[in-house]
Amino acid sequence: MQNQKPQDERTDLRDEDAVFMELALELAERAEEAGEVPIGAVVVSGGEVVGRGRNRIEEQGSATAHAEMLALQEACALLGRRLSDCTLYSTIEPCPMCAGAIILARVGRVVFGAEDPKFGAVGSVVNLLEGERFNHQPEVTRGILAERCGELLQRFFRRLRSRE
């Protein structure tokens, strides 16, 4: 985990991370209200939100309408295709598709809440963002508001299973 800084150097940053993760959680809750898997993401540059996304897979009928993808698209439309000065906040560990987009957009930092043991591509299943495999490795911070992010997903899937 070469791109992760020690916790004690990050106290102020972790506070800022929690603020932006709260915004991602709000988007995740909106996704849930719309009947989508509750995942939200924001892209931040210089303390300003430049991209927002919530899952819209069912709404758009597209497997690529992940919260992270939509947030990255909005940020790229505003700033261009290179997001090296940006941080992507996601309520869940990015999947392989989203991790690929993060690499291609050269996102400088990725912060996520809950780990994803089924599709996680930042260490849970595979690790695409760290290591020497690709020509870009963003800094990664894990576990910001992880319990709340995980509970939101667990509650959604519990309700979904109870309807089946």
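Note that the structure is predicted; figures quoted are calculated from it, not measured.

Draft legend 1. Representation of the nonpolar core. Within the largest apolar cluster, 28 residues are counted, with the highest numbers of intra-cluster contacts made by Val43, Leu72, Leu83, Leu88, Ile102, Val107 and Leu129. When contributions to this core are tallied by element, the ones reaching two or more residues are β1 (40-45), α3 (67-79), β3 (86-92), α4 (96-104) and β4 (109-114).

Draft legend 2. Spatial organisation of the pattern of salt bridges. Evaluated as defined, the whole model comprises eight salt bridges. Where Glu22 meets Arg148, a salt bridge forms, and the shortest distance between an N and an O atom there is 2.5 Å. Of the two residues, Glu22 sits in helix α1 (residues 11-33) while Arg148 sits in helix α5 (residues 146-163), which places them 126 residues apart along the sequence. With a closest N to O distance of 3.5 Å, Glu139 and Arg109 form a salt bridge. Separated by 30 residues along the polypeptide, Glu139 in strand β5 (residues 139-141) and Arg109 in strand β4 bring together distant segments of the chain. Like Glu139, the residue Arg109 is buried in the burial classification. Taken together, the shared-partner salt bridges connect Asp17, Arg109 and Glu139 into one network.

Draft legend 3. A look at α4. Three or more residues of α4 are buried, namely Cys98, Ala99, Ala101, Ile102 and Ile103. Contacts made by the buried residues of α4 are with α3, β3 and β4. Directly after α4, the chain includes Arg106, whose backbone phi takes a positive value near 60°.

Draft legend 4. Molecular detail of the pairing of strand β2 (residues 48-54). Judged from the six bridges that link them, β1 and β2 form a sheet pairing that is antiparallel. Following the sheet pairing, Val42 is matched in β2 by Arg52. What sits between β1 and β2 in their antiparallel hairpin is a turn of two residues, with Gly46 showing a positive phi close to 60°.

Draft legend 5. Here's a closer look at the environment of Gly131. With respect to the helices and strands, Gly131 occurs in the loop between β4 and β5. Residue classification places Gly131 among the partly exposed residues on the basis of a relative accessible area of 25%. Taking C-alpha positions, Gly131 is 28 Å from Ala77, a pair spaced 54 residues apart along the chain.

Draft legend 6. Looking closely at the pairing of β4. Among the six residues of β4, six are classified as buried, and the element is accordingly described as predominantly covered. Crossover connection from β3 via α4 to parallel β4: handedness right-handed. Pairing between β4 and β5: three bridges, direction parallel. The partner of Arg109 across the bridge, within β5, is Glu139.

Draft legend 7. View of unusual backbone geometry. Positive phi is not limited to glycine here, since Arg106 has a value of about 60°. Take Arg106: it is sitting in the loop between α4 and β4. The exposure class of Arg106 is buried, given its relative accessible area of 18%. Positive phi outside glycine occurs at Leu145, with the angle close to 55°. Locating Leu145 in the fold gives a position in the loop between β5 and α5.

Calculation rules
- Residues numbered from 1 in each chain as written.
- Predicted model: local features only at pLDDT ≥ 70, side-chain atom pairs only at ≥ 80, totals over all residues.
- Heavy atoms only, no water.
- Core = buried A, V, L, I, M, F, W, Y, C linked by side-chain atoms within 4.5 Å.
- Buried < 20%, exposed > 50% of the residue type's maximum accessible area, 1.4 Å probe, protein only.
- Helix = DSSP H or I, 4+ residues; strand = E, 2+ residues; numbered from the N terminus.
- Salt bridge = Lys/Arg side-chain N within 4 Å of Asp/Glu carboxyl O.
- Contact = heavy atoms within 4.5 Å.
- Pairing = 2+ DSSP bridges.
- Right-handed = clockwise from strand over helix to strand, strands pointing away.

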